[in-house]
Amino acid sequence: LSCGCVSGCVFFFQAEGGIRDRLVTGVQTCALPIYKLMSAFKHWLIPTEYQIHVTEIDEGSKKFGSHQVTFKKVRHIEMSRGYRFENSAGKSVAFSGDTDYCQGMIELGREADLMVLECAMPDEEKIAGHLVPSLAGKLAQEADCKTLCLTHFYPPCDMDVMRQTVSAIYGGELVLARDRMQFQL
(Lines give C-alpha, C1' and ligand atoms only; values in the text may rest on other atoms or scores of the structure.)
Protein backbone atom coordinates (compact mmCIF):
# COMPACT_ATOMS: atom_id res chain seq x y z
CA LEU A 1 0.00 0.00 0.00
CA SER A 2 1.12 3.56 -0.41
CA CYS A 3 2.03 5.49 2.71
CA GLY A 4 -1.36 7.19 2.70
CA CYS A 5 -3.17 3.86 2.44
CA VAL A 6 -1.02 2.24 5.11
CA SER A 7 -1.66 5.17 7.41
CA GLY A 8 -5.39 4.69 6.89
CA CYS A 9 -5.00 1.01 7.76
CA VAL A 10 -3.36 1.95 11.04
CA PHE A 11 -6.44 4.05 11.91
CA PHE A 12 -8.69 1.16 10.85
CA PHE A 13 -6.82 -1.39 12.96
CA GLN A 14 -7.14 0.82 16.01
CA ALA A 15 -10.87 1.34 15.42
CA GLU A 16 -11.36 -2.41 15.03
CA GLY A 17 -9.79 -3.03 18.47
CA GLY A 18 -7.67 -5.89 17.18
CA ILE A 19 -6.66 -8.82 19.33
CA ARG A 20 -4.08 -10.26 16.94
CA ASP A 21 -0.82 -8.91 15.63
CA ARG A 22 -1.18 -6.89 12.45
CA LEU A 23 1.20 -7.17 9.55
CA VAL A 24 1.42 -4.03 7.45
CA THR A 25 3.27 -4.21 4.14
CA GLY A 26 4.07 -1.08 2.20
CA VAL A 27 6.45 0.28 -0.35
CA GLN A 28 9.91 1.35 0.63
CA THR A 29 10.03 4.41 2.90
CA CYS A 30 6.59 3.73 4.46
CA ALA A 31 7.77 2.75 7.93
CA LEU A 32 8.97 6.20 9.00
CA PRO A 33 5.70 8.02 8.14
CA ILE A 34 3.68 5.33 9.94
CA TYR A 35 5.77 5.59 13.09
CA LYS A 36 5.62 9.41 12.91
CA LEU A 37 1.83 9.21 12.68
CA MET A 38 1.73 6.88 15.67
CA SER A 39 3.90 9.29 17.59
CA ALA A 40 1.77 12.29 16.63
CA PHE A 41 -1.58 10.66 17.44
CA LYS A 42 -0.32 8.84 20.55
CA HIS A 43 -3.18 6.95 22.24
CA TRP A 44 -5.29 7.16 19.09
CA LEU A 45 -2.86 5.07 17.08
CA ILE A 46 -0.46 3.35 19.42
CA PRO A 47 -1.88 -0.16 19.75
CA THR A 48 -2.30 -1.62 23.23
CA GLU A 49 -3.83 -5.02 22.36
CA TYR A 50 -1.74 -5.95 19.32
CA GLN A 51 1.50 -5.09 17.55
CA ILE A 52 2.04 -3.66 14.11
CA HIS A 53 4.87 -5.16 12.09
CA VAL A 54 5.90 -3.10 9.05
CA THR A 55 7.54 -4.80 6.08
CA GLU A 56 8.73 -2.56 3.26
CA ILE A 57 8.73 -4.07 -0.23
CA ASP A 58 9.55 -2.23 -3.44
CA GLU A 59 8.53 -4.64 -6.20
CA GLY A 60 8.13 -8.39 -6.39
CA SER A 61 5.97 -11.03 -4.73
CA LYS A 62 5.52 -12.26 -1.19
CA LYS A 63 3.39 -14.98 0.33
CA PHE A 64 1.16 -14.04 3.28
CA GLY A 65 -0.45 -17.20 4.63
CA SER A 66 -2.36 -18.72 1.72
CA HIS A 67 -2.24 -15.51 -0.34
CA GLN A 68 0.38 -14.51 -2.88
CA VAL A 69 0.75 -10.74 -3.20
CA THR A 70 2.57 -9.16 -6.13
CA PHE A 71 3.69 -5.50 -6.08
CA LYS A 72 4.61 -3.43 -9.14
CA LYS A 73 5.34 0.23 -9.77
CA VAL A 74 2.50 2.16 -11.40
CA ARG A 75 2.42 5.65 -12.95
CA HIS A 76 1.39 8.21 -10.37
CA ILE A 77 4.20 9.23 -8.02
CA GLU A 78 7.49 7.44 -7.34
CA MET A 79 6.20 5.42 -4.41
CA SER A 80 2.91 4.37 -6.06
CA ARG A 81 2.38 0.64 -6.44
CA GLY A 82 -0.32 -1.63 -7.81
CA TYR A 83 -1.09 -4.99 -6.26
CA ARG A 84 -2.30 -8.42 -7.23
CA PHE A 85 -3.71 -10.70 -4.55
CA GLU A 86 -4.14 -14.37 -5.37
CA ASN A 87 -5.55 -17.01 -3.01
CA SER A 88 -4.81 -20.73 -2.85
CA ALA A 89 -7.89 -21.44 -5.03
CA GLY A 90 -6.37 -19.29 -7.80
CA LYS A 91 -8.87 -16.41 -7.43
CA SER A 92 -7.22 -13.05 -8.04
CA VAL A 93 -7.83 -9.36 -7.47
CA ALA A 94 -5.67 -6.59 -8.95
CA PHE A 95 -5.84 -3.16 -7.33
CA SER A 96 -4.34 0.04 -8.70
CA GLY A 97 -4.66 2.89 -6.24
CA ASP A 98 -3.87 6.12 -8.11
CA THR A 99 -2.32 5.36 -11.49
CA ASP A 100 -2.15 6.35 -15.09
CA TYR A 101 -2.16 3.85 -17.96
CA CYS A 102 0.94 1.67 -17.59
CA GLN A 103 2.35 -1.77 -18.39
CA GLY A 104 2.81 -2.63 -14.70
CA MET A 105 -0.93 -2.45 -14.06
CA ILE A 106 -1.69 -4.44 -17.20
CA GLU A 107 0.62 -7.19 -15.93
CA LEU A 108 -0.93 -7.16 -12.46
CA GLY A 109 -4.43 -7.37 -13.92
CA ARG A 110 -3.65 -10.11 -16.45
CA GLU A 111 -6.66 -12.50 -16.40
CA ALA A 112 -7.60 -11.35 -12.88
CA ASP A 113 -11.04 -12.29 -11.62
CA LEU A 114 -11.47 -8.69 -10.51
CA MET A 115 -9.47 -5.58 -11.32
CA VAL A 116 -10.17 -2.41 -9.34
CA LEU A 117 -8.97 0.75 -11.07
CA GLU A 118 -9.29 4.38 -10.14
CA CYS A 119 -10.97 6.52 -12.79
CA ALA A 120 -10.87 10.06 -11.46
CA MET A 121 -12.06 12.20 -14.34
CA PRO A 122 -13.91 12.12 -17.66
CA ASP A 123 -11.74 11.76 -20.78
CA GLU A 124 -11.89 15.46 -21.62
CA GLU A 125 -10.50 16.45 -18.20
CA LYS A 126 -7.52 14.07 -18.01
CA ILE A 127 -5.11 14.67 -15.10
CA ALA A 128 -1.59 13.23 -15.21
CA GLY A 129 -1.24 10.21 -12.94
CA HIS A 130 -4.94 9.27 -13.09
CA LEU A 131 -7.01 7.13 -15.40
CA VAL A 132 -9.95 8.30 -17.48
CA PRO A 133 -12.65 5.94 -18.82
CA SER A 134 -11.04 5.28 -22.22
CA LEU A 135 -7.67 4.44 -20.66
CA ALA A 136 -9.23 2.31 -17.89
CA GLY A 137 -11.15 0.40 -20.58
CA LYS A 138 -8.02 -0.04 -22.70
CA LEU A 139 -6.00 -1.21 -19.68
CA ALA A 140 -8.69 -3.72 -18.65
CA GLN A 141 -9.09 -5.02 -22.22
CA GLU A 142 -5.33 -5.53 -22.57
CA ALA A 143 -5.15 -7.24 -19.17
CA ASP A 144 -8.10 -9.47 -20.14
CA CYS A 145 -9.56 -9.29 -16.62
CA LYS A 146 -12.96 -10.87 -16.02
CA THR A 147 -14.53 -8.00 -14.06
CA LEU A 148 -13.49 -4.35 -13.96
CA CYS A 149 -14.56 -2.18 -11.04
CA LEU A 150 -13.93 1.56 -11.43
CA THR A 151 -13.61 3.76 -8.35
CA HIS A 152 -12.24 7.12 -7.09
CA PHE A 153 -14.62 9.32 -9.07
CA TYR A 154 -14.20 13.09 -8.92
CA PRO A 155 -17.33 15.30 -9.13
CA PRO A 156 -17.15 16.00 -12.91
CA CYS A 157 -17.74 12.29 -13.65
CA ASP A 158 -21.02 11.38 -15.38
CA MET A 159 -21.51 7.69 -14.54
CA ASP A 160 -23.59 6.95 -17.65
CA VAL A 161 -20.96 8.45 -19.96
CA MET A 162 -18.18 6.65 -18.11
CA ARG A 163 -20.01 3.32 -18.44
CA GLN A 164 -20.62 3.88 -22.19
CA THR A 165 -17.01 4.91 -22.83
CA VAL A 166 -15.50 1.93 -21.01
CA SER A 167 -18.00 -0.57 -22.44
CA ALA A 168 -17.13 0.50 -25.99
CA ILE A 169 -13.52 -0.64 -25.34
CA TYR A 170 -13.71 -3.35 -22.66
CA GLY A 171 -15.84 -6.46 -23.24
CA GLY A 172 -15.89 -7.90 -19.72
CA GLU A 173 -18.20 -7.17 -16.80
CA LEU A 174 -18.05 -3.52 -15.70
CA VAL A 175 -18.98 -2.29 -12.22
CA LEU A 176 -18.96 1.31 -11.00
CA ALA A 177 -18.01 1.26 -7.32
CA ARG A 178 -20.17 2.59 -4.54
CA ASP A 179 -19.59 2.79 -0.80
CA ARG A 180 -19.48 -0.53 1.08
CA MET A 181 -19.57 -2.59 -2.11
CA GLN A 182 -18.46 -6.21 -1.75
CA PHE A 183 -17.53 -8.86 -4.30
CA GLN A 184 -17.80 -12.64 -4.13
CA LEU A 185 -15.10 -14.33 -6.20
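Read on for a plain summary of the structure. (Residues numbered from 1 in each chain as written. Predicted model: local features only at pLDDT ≥ 70, side-chain atom pairs only at ≥ 80, totals over all residues. Heavy atoms only, no water.)

## What to know about the overall build of the protein chain
Then comes step 1: Secondary structure summary: the protein chain contains five helices and nine strands in total.
Then comes step 2: Reading the protein chain from its N end, one meets helices and strands in the order α-β-α-β-β-β-β-β-α-β-α-β-α-β.
Then comes step 3: Here the protein chain holds 185 residues, and 41% of them are scored as buried.
Then comes step 4: For the protein chain, the proportion of contacts with a sequence separation of at least 24, taken over those separated by at least 6, is 57%.
Then comes step 5: Summed over all atoms, the accessible surface of the protein chain reaches about 10,100 Å², with 53% contributed by carbon and sulfur. (Helix = DSSP H or I, 4+ residues; strand = E, 2+ residues; numbered from the N terminus. Buried < 20%, exposed > 50% of the residue type's maximum accessible area, 1.4 Å probe, protein only. Contact = heavy atoms within 4.5 Å. Areas by Shrake-Rupley, 256 points an atom, 1.4 Å probe, with all protein chains shown as cover.)

## Focus on the packing of aromatic side chains
Then comes step 1: Within this structure, the stated rule accounts for two aromatic pairs.
Then comes step 2: A connected cluster of aromatic rings, assembled from ring pairs, spans F71, Y83 and F85.
Then comes step 3: Its guanidinium or amino end placed over the ring of F64, K62 lies 5.7 Å from that ring's centre, counting from NZ or CZ.
Then comes step 4: The aromatic ring of Y101 is capped on one face by K138, whose charged end is 4.7 Å from the ring centroid. (Phe/Tyr/Trp six-rings, centres within 6.5 Å; stacked < 30°, edge-to-face > 60°. Lys NZ or Arg CZ within 6 Å of the ring centre and 35° of its normal.)

## Focus on helix α4 (residues 133–143)
Then comes step 1: Buried within α4 we find P133, S134, A136, G137, L139, A140 and A143.
Then comes step 2: Its buried side turned inward, α4 meets α3 (103–109), β7 (114–118), β8 (147–151) and α5 (159–167).
Then comes step 3: Looking one or two places after α4, you find D144, whose phi comes out positive at around 60°.

## Things to note about the pairing of strand β6 (residues 92–95)
Then comes step 1: Burial along β6 is one-sided: the face carrying S92 and A94 is buried and the face carrying V93 and F95 is not.
Then comes step 2: Pairing between strand β5 (residues 81–86) and β6: four bridges, direction antiparallel. Within the sheet, the bridge partner assigned to E86 lies in β6 and is S92.
Then comes step 3: In terms of strand pairing, β6 meets β7 through three bridges, oriented parallel. In the strand pairing of β7, V93 is matched with L114.
Then comes step 4: For the handedness criterion, the β-α-β arrangement of β6, α3 and β7 is classed as right-handed. (Pairing = 2+ DSSP bridges. Right-handed = clockwise from strand over helix to strand, strands pointing away.)

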